[in-house]
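Chain residues, written in single-letter form:
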Amino acid sequence: MARFNEIGTATIPGNGTRLRLLQRNDEFSIKIAGAPGELMNSRLHGSEDALATMAW
């Protein structure tokens, strides 16, 4: 399996934590540096679909 490559970072205002944007082939992931787990992933989007349904 291919590894994720970091393609961008941003600092969260107010606390200095870094967000990381990663890419593996056609998959993207957003993670917080130093914390386990992902905030978002282009392959796993069930919670986003549920929120869109609730808002509709």
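Look up: the structure comes first, before these words.
It should be emphasised that the depicted structure is a prediction, and the values quoted were computed from it without experimental measurement.

Observations concerning the sheet that holds strand β4 (residues 40–41)
Inference 1: With antiparallel pairing, the 4 strands of this open sheet are ordered in space as β1-β2-β3-β4. The sheet is open, and its two borders are formed by β1 (5–11) and β4, each paired with just one other strand.
Inference 2: Here strand β3 (residues 27–32) runs beside β4; their pairing, made up of 2 bridges, is antiparallel. Bridging across to β4, S29 finds its partner in N41.

A few points about the pairing of β1
Inference 1: As paired strands, β1 and strand β2 (residues 18–24) are joined by 6 bridges and run antiparallel to one another. Paired with T11 across the two strands is R18, which belongs to β2.

Procedures and definitions
- Residues numbered from 1 in each chain as written.
- Predicted model: local features only at pLDDT ≥ 70, side-chain atom pairs only at ≥ 80, totals over all residues.
- Heavy atoms only, no water.
- Pairing = 2+ DSSP bridges.
- Helix = DSSP H or I, 4+ residues; strand = E, 2+ residues; numbered from the N terminus.

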